[in-house]
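# A closer look at the structure
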Amino acid sequence: MSIDKASFRKLCMKKLKNTSAHNRKYKEYAVQRKLKKVLDEINASSMLFYLPLKTEVNLNKLLQYEKRNIKKCYVPFMVGESFKMVPYRQPLNVGRFGVSEPNNSNKKIKNVDVAIVPVLGVDADARRVGFGKGMYDRFFPTLAKTPITIFVQLEQCLCDEKITDDYDIQADIYITPKEILYRKNNVKSDSSRRWYSHR
């Protein structure tokens, strides 16, 4: 049965809303533990985190850990219909859409080794389904090269069909409390063959 992006987005939101506060803490811990393992394996020197909305996995403890370990940690700073990367630092202010962000920076940062991106869902082409504002899709083309892209999510929400556009960003790695999925290259849009798993 065919599904469109808007319907799939609603389905994923419903799954998120059904997560209890107790389960959420456990699931956030599980995602952070898996993500730390992946970041340790990659050994990146620079990474783009995000500061979470209520429906997104809170990675603040891991972000602070990486910052303490002298990694270059960036977060989004909203500019127009997209954002730019700024160094993560205090104080944080509440910006547009209720998203926290540090003060602006004059630095023009065009490279990052790893981008950690929150998702609502992922389609059969390993592409992101977000809130529909397109900020990450506008941001990624501004980078000098595409970073290793890691999607994180509180509840696994995978679609068996390709429902995104080619400009929607694509994951290399998809992390949920359940598992770590790695995207296989050169596979047509078939979610049963798109990933291989590391639990």
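Here's a quick rundown of the structure. (Residues numbered from 1 in each chain as written. Predicted model: local features only at pLDDT ≥ 70, side-chain atom pairs only at ≥ 80, totals over all residues. Heavy atoms only, no water.)

### Some points on the packing of aromatic side chains
A full pass over the atoms with the stated rule returns four aromatic pairs. Here phenylalanine 83 and phenylalanine 139 contribute two aromatic rings whose centre-to-centre distance is 4.3 Å and whose plane-to-plane angle is 25°, an arrangement assigned as stacked. In this pair, phenylalanine 83 is assigned in strand S3 (residues 82-87) and phenylalanine 139 in helix H4 (residues 135-139), connecting sequence segments 56 residues apart. Phenylalanine 139 shares its class with phenylalanine 83; the two are buried. Each ring, one from tyrosine 174 and one from tryptophan 195, has its centre 5.8 Å from the other, and the planes form 40°; the classification is tilted. Residue tyrosine 174 is found in strand S10 (residues 173-175), and its partner tryptophan 195 is found in strand S12 (residues 195-198); the two are separated by 21 residues along the sequence. Its relative accessible area of 0% is what places tyrosine 174 among the buried residues. (Phe/Tyr/Trp six-rings, centres within 6.5 Å; stacked < 30°, edge-to-face > 60°. Helix = DSSP H or I, 4+ residues; strand = E, 2+ residues; numbered from the N terminus. Buried < 20%, exposed > 50% of the residue type's maximum accessible area, 1.4 Å probe, protein only.)

### Regarding the pairing of S3
Counted residue by residue, S3 has five buried out of six residues, so it is predominantly covered. Where strand S2 (residues 72-79) meets S3, six bridges bridge the pair, whose relative direction is antiparallel. Bridge pairing in S3 links methionine 78 to phenylalanine 83. As consecutive antiparallel partners, S2 and S3 are separated by two residues, and within that stretch glycine 80 has a phi angle of approximately 60°, a positive value. (Pairing = 2+ DSSP bridges.)

### Some points on the packing of helix H2 (residues 21-42) against helix H3 (residues 60-68)
Between H2 and H3, the shortest axis-to-axis distance is 10 Å and the interhelical angle comes to 30°. The pairing of H2 with H3 is recorded here as roughly parallel in orientation. Of the two possible hands of crossing, H2 and H3 adopt the one that is right-handed. Taken together, the residues of H3 that come into contact with H2 (itself represented by Gln32, Leu35, Lys36 and Leu39) are Asn60, Lys61, Leu62, Tyr65 and Glu66. Its residues assigned to classes, the contact of H2 with H3 shows four nonpolar, two polar and three charged. (Axes fitted to C-alpha atoms, helices over the stretch in contact; angles between N-to-C directions. Parallel < 35°, antiparallel > 145°, perpendicular 65-115°, else oblique. Left-handed = near helix turned anticlockwise from the far one by under 90°. Contact = heavy atoms within 4.5 Å. Nonpolar A, V, L, I, M, F, W, Y, C, P; charged D, E, K, R; others polar.)

### Some details on the pattern of salt bridges
The tally for this structure, following the rule as stated, stands at ten salt bridges. We note a salt bridge from arginine 127 to aspartate 125, for which the minimum N-O separation is 3.0 Å. Aspartate 125 sits in the buried class, given a relative accessible area of 9%. Salt bridges linked by common partners bring Asp125, Arg127, Lys162 and Asp166 together as one network. (Salt bridge = Lys/Arg side-chain N within 4 Å of Asp/Glu carboxyl O.)

### Observations concerning the pairing of S2
Of all eight residues making up S2, six are buried, and the element is well covered by its neighbours. Since strand S1 (residues 46-48) and S2 lie parallel, the crossover through H3 that links them has a hand, and here it is right-handed. (Right-handed = clockwise from strand over helix to strand, strands pointing away.)

### A closer look at the state of the cysteines
A full pass over the atoms with the stated rule returns one disulfide. Covalently, cysteine 12 is tied to cysteine 157 through a disulfide, its sulfur atoms 2.2 Å apart. Disulfide cysteine 12-cysteine 157: the torsion about the S-S bond is -90°, which places it as left-handed. Taken as a pair, cysteine 12 in helix H1 (residues 5-17) and cysteine 157 in the loop between strand S9 (148-152) and S10 lie far apart in primary sequence, 145 residues in all. (Disulfide = S-S within 2.5 Å.)

### Considering unusual backbone geometry
Negative phi values dominate among residues other than glycine, just as trans dominates among peptide bonds. Omega for the bond connecting glutamine 90 with proline 91 falls within 30 degrees of zero, at 0°, which places this linkage in the cis form. Of note, proline 91 is situated in the loop between S3 and strand S4 (93-94). The backbone phi angle of asparagine 43 is positive, close to 55°, even though this residue is not glycine. On the secondary structure map, asparagine 43 appears in the loop between H2 and S1. Look at asparagine 43 and you get exposed, because its relative accessible area is 57%. We note that alanine 126 has phi near 65°; this positive angle belongs to a residue other than glycine. Residue placement: alanine 126 occurs in the loop between strand S7 (121-122) and strand S8 (128-129).

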